[in-house]
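Spelled out from the first residue to the last, the chains are:
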Amino acid sequence: MNGREAATSVAPIALEPTGPEQPPEPPPRQAAREPRRPAPDAPPRTPAARRLPGAARRARLKEHEAALVGGYRELARLAYLVLPGGTDRHHRVLAAHAVVQQALRGRGQDGPPVDPATGPYEGRAQEAVRLQVLRGALARPLRRRLLPLPRLWGLRLFTAAGSPEDLALDQELARATPHTRAGYALRVLEGLPSDRVVALLDRAGVPDPGGALAEAERIHAGHRAAGRDLDRSPEFDPCAVRAQPTDLLRRRAKGRLLAAAAAAVLAAAVGLAPAQGPAPSAQRAGSAADPAGRALPPPRRAADDAWRQTARLDFGVWPARGDLTTDQALLGRAAAAWSGPAPQVRRTVEPGTPDGPPGAAQLLYAGRPDGAAVVVLYGEGRLARYTEGPQPELTLARADDADVTTAAALVLTRTPEGARYLLAPWVDAADTRDLRTPDAAARPVPHPDGLTPPLALTADASCARRPVLQLRSSPVVAEQHAFLLADVGGLLPAHLTWTPPPDGTPARPPREATGPEALAAWARTSCGLAGAGPADAGPGTRALNTWAFATQQLPEGEGAATWVCVRRDRWDGGGSAATALLLPDPRRTAPAPLRTAGAPETRACSRFDQNVLAATWWRGRSGKSYLLMAGSRRLVSVSATGALTLPETRTPARALAVPGAGQGEVRLTGLLDTGARIGTLQ
């Protein structure tokens, strides 16, 4: 006796399907009294598989109904995963419930064999119901209108938002075939072993069960975090949904249209002129939803004086500004663009920025600064700038842990004339200045309601100019607090700072680069320093610091040179550094720095690693060559091998000049007062 012939007392029921949506159809009945013919692939009927008397069939129906009701939520989640994804989340929810509720209407003669240990359910009734749900989900067109249940008018249903990993998994499954989604649901959601999954897919009519399972395993390998919580994620739970009214304006317009049509019919009957329908613009407004069809809450807004009432200044206390802050349709399109990738929106994610939907967004700006509509949103430590044009564009940038300086400005638009900035509400004064000419006065910049005119703040090819923003905060925030911001090509400018040479006092953090000494140093390091400085920073840069870690008197009386380390800090916590030698500049022509070393990924020259060592060959006016070496405040001695051999030599002034060949690689080692040894940047 095989599994299909066993346990006939609890075998799946054999009801005729009532809708054309059921997958495998049996041959049509020839007459009312003609006995039913088995499906072509069904096994030969045995006495145990024949139609049971009415009482037995009703008992079986009750068993299957009990199995369906007891496992309804799990079955609905199974159907929801297998059904097509995409933008129509509302009909996907309803179809999942319809598939489960109609599982009792399908055929069950070829149900799976009894094996309660292979799945989350116990008993053959549960196994049969699951198979019918699987078949129904594989055969269900999402928008088919021949669903006898359930129906819903006036509301749209959406599953609750899950994690960014859940959203990524949902998008991946939406691109997969229904057979792959079925294999994934059985393997990951149900936790069935591979052989059981293949068997169930085969019984459900999947032509290549092994291939579907292999593709499902591939998806699971790339989304293991989401797969672990699949049975608890609200993203895939059609039994825990959110409700939102349908387009009220459109419903009103349809009501008017029906009234107009009725009036037209009445007018035709009595010889009157037909009435006119509603204006097309009344049908264009709609509620915002993400690409997966979930309802999006309207962005929140900070109070106009929130920045005056808090001790924490960041983008979260910016008020909403611009002349389109009441355009709900525009705000909805911006929120929808951020919530997930859409083919019609060009998406740019700056380095180090998580690309996922926000939990809650805040409106910072909505307006038309240069003709095209621009919306800026903030949420979960990220900024999103949505720009409408021939092709809408969304730019995402990281902005977590921003402060009074790094949250002081953002780029609204870029045109051939320059970048237009929106300034923080705590900015009292704005100027531009050229880093290459530190002695030149700054030029005031008008900024009504925080909006600047287009400013050309990028360096030209020759690096003859390096303009930056110089902002001054309100006395409400900090008295006479001025700071510099450099355009690095992204959504946010970079904060420029300066750390002066050691003076015998404990090390201090970087300070604002607005003093004469700082401006003179940035005049040298702002250009011509490959891998460092504003010209090479790029989007995602949070701050740039020039640290003068040593001063050295050059041989042959040629003056004092300054050793610097220019560090770039990114918003994601990483960064790069480069050491350079600034030779004397008596004529203040700002010659290019002499780059000595660099590291693309390092924490050197940051507050977490304040020990640095550098060296370079230099030739005096006599033609004699020297190896110049210098280190930070804790350097005690140095040694060298390679093109120049130097035994351990003390450096009381943290700098040393040794005559040498003038070329060749030298490997330098420095000893710190802590006993640790360091080398040059690599």
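For the structure, check the block above.
Rules used in this analysis
Residues numbered from 1 in each chain as written. Predicted model: local features only at pLDDT ≥ 70, side-chain atom pairs only at ≥ 80, totals over all residues. Heavy atoms only, no water. Helix = DSSP H or I, 4+ residues; strand = E, 2+ residues; numbered from the N terminus. Buried < 20%, exposed > 50% of the residue type's maximum accessible area, 1.4 Å probe, protein only. Contact = heavy atoms within 4.5 Å. Areas by Shrake-Rupley, 256 points an atom, 1.4 Å probe, with all protein chains shown as cover. Phe/Tyr/Trp six-rings, centres within 6.5 Å; stacked < 30°, edge-to-face > 60°. Lys NZ or Arg CZ within 6 Å of the ring centre and 35° of its normal. Disulfide = S-S within 2.5 Å. Pairing = 2+ DSSP bridges. Axes fitted to C-alpha atoms, helices over the stretch in contact; angles between N-to-C directions. Left-handed = near helix turned anticlockwise from the far one by under 90°. Nonpolar A, V, L, I, M, F, W, Y, C, P; charged D, E, K, R; others polar. Expected span 1.5 Å × (residues − 1). Polar contact = N/O pair within 3.5 Å; in protein donor to acceptor, adjacent residues only side chain to side chain. Parallel < 35°, antiparallel > 145°, perpendicular 65-115°, else oblique. Core = buried A, V, L, I, M, F, W, Y, C linked by side-chain atoms within 4.5 Å.

(A) Looking closely at the overall build of the protein. When you go through the protein residue by residue, the secondary structure sums to 13 helices and 26 strands. A buried classification covers 48% of the 682 residues belonging to the protein. Here the analysis covers contacts within the protein between residues at least 6 apart in sequence; of these, 66% occur between residues at least 24 apart. In the form shown here, the protein has an accessible surface area of approximately 31600 Å², with 54% of it arising from carbon and sulfur atoms.

(B) Molecular detail of the packing of aromatic side chains. In this structure the tally under the stated criterion is five aromatic pairs. With centroids separated by 6.5 Å and ring planes inclined at 40°, the aromatic side chains of Phe549 and Trp563 adopt a geometry described as tilted. Within this pair, whereas Phe549 is found in strand β16 (residues 541-553), its partner Trp563 is found in strand β17 (residues 560-570), the two being separated by 14 residues in sequence. The exposure classification of Phe549 matches that of Trp563, with both residues buried. If you follow Arg92 out to its NZ or CZ, it ends over the ring of Tyr80, 3.9 Å from the centre. A cation over a ring is seen here: Arg321 above Trp318, with NZ or CZ 5.1 Å from the ring centre.

(C) A look at the state of the cysteines. Taken as a whole and assessed by the stated rule, the structure comprises one disulfide. Paired by a disulfide, Cys565 and Cys605 hold their sulfur atoms 1.9 Å apart. On the sign convention where negative means left-handed, the S-S torsion of about 100° between Cys565 and Cys605 marks this disulfide as right-handed. Within this pair, whereas Cys565 is found in strand β17, its partner Cys605 is found in the loop between β19 (594-599) and β20 (613-619), the two being separated by 40 residues in sequence. With respect to class, Cys565 is no different from Cys605; both count as buried.

(D) Here's a closer look at the sheet that holds strand β21 (residues 625-631). One open sheet accounts for three strands, arranged β20-β21-β24; its pairing is antiparallel. The sheet is open, and its two edges are formed by β20 and β24 (655-659), each paired on a single side. Pairs of neighbouring strands in the sheet enclose a mean axial angle of 20°, with direction left out of account. Across seven bridges, β20 lies against β21 in antiparallel orientation. Of the residues in β21, the one forming a bridge with Trp618 is Tyr626.

(E) Structural view of the sheet that holds strand β5 (residues 374-379). Strand order in the open sheet formed by five strands is β3-β7-β6-β5-β4, and the pairing between neighbours is mixed. Of all the strands in the sheet, just β3 (346-349) and β4 (362-367) have a single pairing partner and so form its edges. Across this sheet, the average inter-strand angle for adjacent strands is 15°, counted without regard to direction. The sheet contact formed by β4 and β5 spans five bridges and is antiparallel. What sits directly across from Tyr365, in β5, is Val376.

(F) Quick peek at the packing of helix α2 (residues 72-82) against helix α6 (residues 178-189). Closest axis-to-axis distance for the α2/α6 pair is 8 Å, and the angle between their directions is 145°. In the packing of α2 onto α6, the handedness of the crossing is right-handed. Every residue of α6 that contacts α2 at Arg77, Leu78, Leu81 and Val82 is listed here: Pro178, Arg181, Ala182, Ala185, Leu186 and Leu189. Looking at the contact of α2 with α6 residue by residue, the classes come out as eight nonpolar, no polar and two charged.

(G) α6, seen in detail. In this model, α6 (12 residues) spans 15 Å end to end at C-alpha, consistent with the 16 Å of a helix rising 1.5 Å per residue. Burial runs high along α6: nine of the 12 residues are buried. All of the buried residues along α6 are Thr180, Arg181, Ala182, Gly183, Tyr184, Ala185, Leu186, Val188 and Leu189.

(H) Focus on the side chain of Thr353. As for its position among the elements, Thr353 is in the loop between β3 and β4. Reaching out from Thr353, the side chain makes a polar contact with the backbone oxygen of Glu350 at a distance of 3.0 Å. For Thr353, the side chain forms a polar contact with the main-chain nitrogen of Arg398, separated by 3.0 Å. Discounting chain neighbours no more than four positions away, the residues touching Thr353 are Arg382, Leu396, Ala397 and Arg398.

(I) Seen up close, the packing of α6 against helix α7 (residues 194-203). Taken N-terminus to C-terminus, the directions of α6 and α7 make an angle of 140°; their axes are 10 Å apart at the nearest point. With respect to α7, the element α6 is oriented oblique. Between α6 and α7 the crossing geometry is right-handed. Together, His179, Ala182, Gly183, Leu186 and Arg187 of α6 and Ser194, Val197, Leu200 and Leu201 of α7 make up the contact between the two elements. Each residue belonging to the contact of α6 with α7 can be placed in one class, and the counts come to five nonpolar, three polar and one charged.

(J) Geometry of the nonpolar core. Formed by 48 residues in total, the largest nonpolar core has its most connected members in Leu68, Val100, Val133, Leu169, Tyr184, Leu186 and Leu230. The element that contributes the greatest number of residues to this core is α2, accounting for eight residues. Within the second largest apolar cluster, 41 residues are counted, among which are Ala302, Val411, Tyr421 and Leu491.

Shape descriptors only; they carry no functional weight alone.
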